[in-house]
Each structure stands twice: as structure tokens, then as C-alpha cells.
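Okay, here's what each chain looks like letter by letter:
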Amino acid sequence: MSKLRAAPDEADDGYVPSARRIERERFRRTRARRATAVAALSTLVTAVVLYLVITGSPGWPRTRETFFSAEYAAKALPQVMEGLLLNLRLLVVCGAAVLVLGLLLAVARTLRGPVFFPLRALATAYTDFFRGLPLIICLLMVVFGVPALRLQGVTTDPVLLGGSALVLTYSAYVAEVFRAGIESVHPSQRAAARSLGLTGGQALRFVVLPQAVRRVVPPLLNDLVSLQKDTGLVSIAGAVDAVYAAQIIAGKDFNFTPYVVAGLVFVALTIPMTRCTDWVTARMDRRRAQGGLV
């Protein structure tokens, strides 16, 4: 038995690839190196051309002084970072509220039976209205319209009102994402759950929703990235976030470098979130291709 077991090992250790395979692997490595060199060269040429075009324009000296001043950038960065904390808090709180409200709206739109028609109609009207209403108009209506009503017990805090407007708008988009995930689950899954004795609500909770949520994770992360950028719009209500902090500094000396600093800060936050979204999407695609994801 030991000799029989040793034979395959010896055969594996003594494996010698054929000349054709060696040549094929060498060709692939050569082609990969050539592609990398061409991509690097084309990128370098493009960067040089853009640099020459921009710096050679007649208004470049004035633009560099107005938008890319190192002095104003160093002055604005601490205040922009301080205001960014408000944007991050809005992202966390509003993101959680959007997920919960969006899921509830999606479930309401997928309820079956004539008794749930009013609920389905209200959820449909909500999503249609706030998906069609521009976010900036929703912010203006909530931030300036709610205090004008002078309702007792209703806050006039611009941060809370601006966050509420973000939740109203983004929950409509997220609801459609969740609804698409729920409807992508094959009806046989629900039927199998019912045949095992689960009620309609239990089938939705334990069978349909887990599959639906896993399928829509990438688009949900994309919506989260968009929400992170749009938290800067609460500055129109007077909330001192990163954008408004940059506006205050720019308004003193009429130098717009603080806006560039605020924009770069948001980009620095967005890029890791975008790469995370790409990684999650690729991982789920690989699992789905291997049959590991229902």
C-alpha cells in the first residue's frame, strides 16, 4: 500500500511541463508586460499633455492663485476637517434610517392581497414622488417650510431638518433597490417555505429577505456613497459642515481654495468606499459563479 501511495507522489514530483506549455506561459507573460508598459506610457503622455494645456492657458496664473493656494489650503484644512465630523455623523444616522425606512417601503410594496392595497398605494406614491423630486428642492422645502408652519414640538434645527430631507429622498431610492432584490427571489423559495409550515410573514422574514438583501448589497453601497457626498447639501440650511466651513473662509478673502480642499476631502472618503463596493461586487460574482450564493 505504501508503494501504491508513493507512486502518484513520485509522478507529481517528476512532472515536467511540455515545451508548448512553457512557450504559452512565456507568451502570456510577455503580453502582460507589453500591455502594462503601453498603459503606463499612454497614461504618462496623457498627463503631460493635460499639464501643458492647463498650465499654458492664459488664465492659469490667476486660477492657480485663486483655487490652488497652498496658504489658503493650510488655513482651511483644520476648519474643513472639523466640519467634516458633522457630515460623518449625518452619514451614519441618515444611512441607518434610510435602510430601515427603505426596507419597510419595499416590504409594503410587495405585500399581497387586496386588504393591503392602500398600503401598497401609499408606498408607491411615496417612492414615485421623492424619486422624482430633486434633492435640493426637498431640502429647501423641509428646511424652510417646516419652521414656517410654527408647529409645537417640531424642531427647527437645520441639521435635523436637513438630515430628514436626506432620509426622505434616499429612502425612496433604497426602497426600489430592496424591492428589486425581493422580486428577484424565485417564487419557488416562498412556496417551499410555505410547504414547510411557515406563515407568509415568516417566509418573507427567514427565506426571502435574507436572499434579497445579499443580492442588493452592491447597489446599496453605491447609494451609501452618494449619500456621503450629498450630506454636504445641508450647508444650505446654515449647518456648519465641511462645505459651509469652506464657504465661510472663501467669503472672507474671495479665494476659492477652501472649496477645493473640501472637495478633495470628500473624494478621499469616497474612493475607499467605492473600492469596497467593487470588492464586494466582485466577491459576490465569484461566489455566484461557483454556485455558493443562492
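This one's a predicted model, so the numbers in the text were calculated from it and none came from an experiment.

Conventions and cut-offs
Chains are numbered independently. Their residues run from 1 in the order of the written sequence. Local features in this predicted model are restricted to residues whose pLDDT is 70 or higher, and side-chain atom pairs enter the listing and the counts only when it is 80 or higher, whereas totals over whole chains, interfaces and linings include all residues. Each side-chain value is worked out from all heavy atoms of the structure, with water and hydrogens disregarded. Runs of H or I in DSSP of at least four residues are treated as helices and runs of E of at least two as strands, each being numbered from the N terminus. Two residues form a contact once any of their heavy atoms are found within 4.5 Å. Here a cavity means grid points, on a 1 Å grid over the protein atoms only, where a 1.4 Å probe fits yet cannot get out; a pocket means an open set of points with protein on both sides within 12 Å along at least five of seven lines; lining residues are those with an atom within 4 Å of a point. Grid points are joined across faces, edges and corners, and a volume is the space filled by probe spheres set on the points. Nonpolar residues are Ala, Val, Leu, Ile, Met, Phe, Trp, Tyr, Cys and Pro. Charged residues are Asp, Glu, Lys and Arg, and all others, Gly as well, are polar. Given the number of residues in a helix, its expected span is that number minus one, multiplied by 1.5 Å. Relative accessibility decides the category of a residue: with a 1.4 Å probe and only protein chains considered, values under 20% of the type maximum give buried, values over 50% give exposed, and everything between is partly exposed. Without a salt bridge and with relative accessible area above 30%, a residue can belong to a patch; like charges are then joined within 9 Å and nonpolar side chains (Val, Leu, Ile, Met, Phe, Trp, Tyr) within 5 Å. Here the open area of atoms and residues is found with the Shrake-Rupley method and a 1.4 Å probe, where only the protein chains shown may cover a residue. Each salt bridge in this description consists of a side-chain nitrogen of Lys or Arg and a carboxyl oxygen of Asp or Glu lying within 4 Å of one another. All tallies of charge rest on Lys and Arg as positive and Asp and Glu as negative; His and the ends of each chain are not included. Just so you know, the charge point we use is NZ for Lys, CZ for Arg, CG for Asp and CD for Glu. How sure the predictor is of each residue is captured by pLDDT, a score from 0 to 100.

A. Structural detail: the environment of Leu233. Within the secondary structure layout, Leu233 lies in the loop between helix H10 (217-230) and helix H11 (242-253). Expressed as a C-alpha distance, the spacing of Leu233 and Ala123, which sit 110 residues apart in the sequence, is 26 Å. Leu233 has contacts with Leu135 and Leu139, leaving out every residue within four places of it along the chain.

B. Highlighting the layout of surface pockets. Here the largest pocket defines a volume of roughly 170 Å³. Lining of the largest pocket is provided by Thr110, Leu111, Arg112, Phe116, Arg190, Arg194, Gly200, Gly201 and Leu204. Per-element tally for the lining of the largest pocket: the top contributor is helix H9 (residues 200-215), with three residues. Residue classes in the lining of the largest pocket are distributed as three nonpolar, three polar and three charged.

C. Seen up close, helix H6 (residues 135-149). With 15 residues, H6 extends 21 Å from end C-alpha to end C-alpha; this agrees with the ideal 21 Å at 1.5 Å per step. Those residues of H6 lying buried are Leu135, Cys138, Leu139, Val142 and Val143. Residues of H6 that are buried make contact with helix H5 (117-132), helix H7 (158-184) and H10.

D. Structural view of a positive patch on the surface. A surface patch of positive charge is lined by Arg214, Arg283, Arg286 and Arg287. With three residues, the single largest contributor to the positive patch is helix H12 (residues 257-289).

E. Fine view of the confidence of the model for the protein chain. Of all residues in the protein chain, 94% have pLDDT values of 70 or greater, and the mean over the chain is 87. Within the protein chain, the element-level pLDDT minimum falls on helix H1 (residues 2-13), averaging 48, and the maximum on H5, averaging 94. Throughout residues 1-11 the model reports pLDDT below 50, and contacts reaching past four residues in sequence, or to other chains, amount to zero contacts.

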